[in-house]
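# Chain and residue survey
Residue strings, one per chain:
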Amino acid sequence: EPEVTQTPSHQVTQMGQEVILRCVPISNHLYFYWYRQILGQKVEFLVSFYNNEISEKSEIFDDQFSVERPDGSNFTLKIRSTKLEDSAMYFCASKRGSEAFFGQGTRLTVV
Amino acid sequence: AQSVTQLGSHVSVSEGALVLLRCNYSSSVPPYLFWYVQYPNQGLQLLLKYTSAATLVKGINGFEAEFKKSETSFHLTKPSAHMSDAAEYFCAVSESGNTPLVFGKGTRLSVIA
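Numbering of residues starts from 1 in every chain and runs along the sequence as written. Both sets of labels track the order of writing: A upward for chains, 1 upward for ligands. pLDDT decides what is reported in this predicted model: residues at 70 or higher carry local features, side-chain atom pairs at 80 or more are listed and counted, and totals for whole chains, interfaces and linings draw on all residues regardless. Side-chain calculation: all heavy atoms of the structure are included, whereas hydrogens and water are not.

Turning to the overall build of chain B, a few remarks are in order. Working definition: helices are DSSP H or I runs of at least four residues, strands are E runs of at least two. Numbering for both runs from the N terminus. Check the secondary structure of chain B and you find 0 helices and 12 strands. Listed N to C, the secondary structure of chain B is β-β-β-β-β-β-β-β-β-β-β-β in terms of helices and strands. It is over C-alpha atoms that the radius of gyration is taken, and the globule rule equals 2.2 Å times the number of residues to the power 0.38. Taking 2.2 N^0.38 as the reference for a compact globule, 113 residues should give roughly 13 Å; the C-alpha atoms of chain B span a radius of gyration of 13 Å, in line with that estimate. Projecting the C-alpha coordinates of chain B onto the three principal axes gives extents of approximately 40 × 25 × 20 Å. Taking as baseline every contact in chain B between residues at least 6 positions apart, the subset at least 24 positions apart corresponds to 56%. Carbon and sulfur atoms make up 52% of the accessible area of chain B, which amounts to about 5200 Å² in all. Residue contacts follow a heavy-atom distance rule, with two residues in contact if any of their heavy atoms lie within 4.5 Å. For the area figures, the Shrake-Rupley method with a 1.4 Å probe applies, and any residue is considered shielded solely by the protein chains shown.

What follows is the structure, given as structure tokens:
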């Protein structure tokens, strides 16, 4: 069964460093998303991507964040200068119809 | 703006007992509604979805949910809890098939032997 894959599963980074979280969506899906879940809190929407551009973003998705689909298969989330409060589980999702398929997540720890 | 309220951050039931996880939503347009389950250290898995067809929706693992417009609710039920049902359950709403999901805070289900 097709699935969304995310790498790495866990990333530890120092405050101020750049991180890139990677996702491979399901191949025939058209819409791509990043969500995050801070420990003990709800899952929050960050950004959606369609037709090679951002279609919607939340207030969380400020200038420190960017997304790319560099090669038609990968979908990346870059945090330019990480802060302690960026520590969270980051989920990638993709969909074609109404159902979003989520990856296993990348746990980002900023120290 | 849409929102989801899940009553009860933690629900505990005995094995074999009825599971009822509550979800109320707010939406200015007819909503799409979803229940996702998250097992420890795993991603989100879709349990079931309501997309304006039948109001009683059956999902995987014996779960079902009923869309009640008059009560703005989409409660999740399962007649008989199993130990393997212990997980975090998230209710989510979206305006259409392609708009982002808005999640509730989640309900942790514990099943006692």
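This part takes up the pairing of strand 11 (residues 106-110) of chain A. Residue and element names in this part refer to chain A. Working definition: with a 1.4 Å probe on protein chains only, accessible area under 20% of the residue-type maximum means buried, over 50% means exposed, and in between means partly exposed. Here strand 11 shows one buried face, formed by Thr-106, Leu-108 and Val-110, and one open face, formed by Arg-107 and Thr-109. Paired strands are those between which DSSP finds at least two bridges. Summarising the sheet, strand 9 (residues 88-95) and strand 11 pair through 3 bridges and their orientation is antiparallel. Across the sheet, the residue bridging to Ala-88 is Leu-108, located in strand 11.

Another point: the interface of chain A and chain B. Taken together, the contact between chain A and chain B spans 19 residues of the former and 19 residues of the latter. Note: buried area is the sum, over both parts, of the accessible area (probe 1.4 Å) each one loses when the two are combined. Together chain A and chain B conceal approximately 1600 Å² of surface at their shared face, both sides included; 54% is due to carbon and sulfur atoms. It is Lys-42, Ser-98 and Phe-102 of chain A that lose the most area in chain A upon contact with chain B, and together they represent 31% of the buried surface on that side. For this document, the term salt bridge refers to a Lys or Arg side-chain nitrogen within 4 Å of an Asp or Glu carboxyl oxygen. Summed over the shared surface of chain A and chain B, the number is 0 salt bridges. For this analysis, a polar contact is any N or O atom pair within 3.5 Å, provided that within protein one partner can donate a hydrogen and the other can accept it, and provided that sequence-adjacent residues contribute only side-chain to side-chain pairs. There are 5 residue pairs in polar contact (both at pLDDT 80 or more) connecting chain A and chain B. For the side of chain A that touches chain B, the elements supplying multiple residues, two or more each, are strand 4 (31-37), strand 5 (43-50) and strand 9 of chain A. For the side of chain A that touches chain B, the per-class residue count stands at 8 nonpolar, 6 polar and 5 charged. We call Asp, Glu, Lys and Arg charged. Ala, Val, Leu, Ile, Met, Phe, Trp, Tyr, Cys and Pro are nonpolar, and the rest, Gly among them, are polar.

Turning next to the sheet that holds strand 7 (residues 65-68) of chain A. All names here are of chain A. Here we have 4 strands laid out as an open sheet, ordered 1-3-8-7, and antiparallel in their pairing. Looking at strand neighbours, the two that pair on one side only are strand 1 (5-7) and strand 7, the edges of this open sheet. The average angle at which neighbouring strand axes cross in this sheet is 20 degrees, direction not considered. When strand 1 meets strand 3 (residues 19-24), the two strands line up antiparallel, connected through 3 bridges. When the sheet's bridge partners are listed, Thr-7 is paired in strand 3 with Arg-22. Only the contacting stretch of a helix is used when fitting its axis, a line to C-alpha atoms as for every element, and angles between N-to-C directions run 0 to 180 degrees.

A word on the side chain of Arg-69 of chain A. All names here are of chain A. Residue position: Arg-69 is located in the loop between strand 7 and strand 8 (75-79). By the counting scheme adopted, Arg and Lys are positive, Glu and Asp are negative, and His together with the chain ends is not counted. Asp-71 provides the closest opposite charge to the buried, unpaired Arg-69, separated from it by 6.1 Å. Other than its neighbours up to four places away in sequence, Arg-69 contacts Pro-25, Phe-32, Phe-49, Asn-52, Asn-74 and Phe-75.

Time to look at the state of the cysteines. Linking two cysteines covalently via their sulfur atoms produces the bond known as a disulfide. Here, two cysteine sulfur atoms that lie within 2.5 Å of each other are counted as a disulfide. Summed over all chains, the structure comprises 2 disulfides over all chains. Two residues, Cys-23 of chain A and Cys-92 of chain A, share a disulfide whose sulfurs are 1.9 Å apart. Residues Cys-23 of chain A and Cys-92 of chain A share a disulfide whose torsion about the S-S bond is about -65 degrees; that sign makes it left-handed. In this pair, Cys-23 of chain A is assigned in strand 3 and Cys-92 of chain A in strand 9, connecting sequence segments 69 residues apart. Across the pair, exposure class does not vary: Cys-23 of chain A and Cys-92 of chain A are buried alike. Covalently, Cys-23 of chain B is tied to Cys-91 of chain B through a disulfide, its sulfur atoms 2.0 Å apart. Between Cys-23 of chain B and Cys-91 of chain B the disulfide shows an S-S torsion of about -65 degrees. By sign, it is left-handed. A residue pair is termed long-range when its members are at least 10 positions apart, and Cys-23 of chain B in the loop between strand 3 (19-21) and strand 4 (24-26) and Cys-91 of chain B in strand 10 (residues 87-94) qualify at 68 residues.

In short, the description is geometric, and any link to function would need to be established separately.
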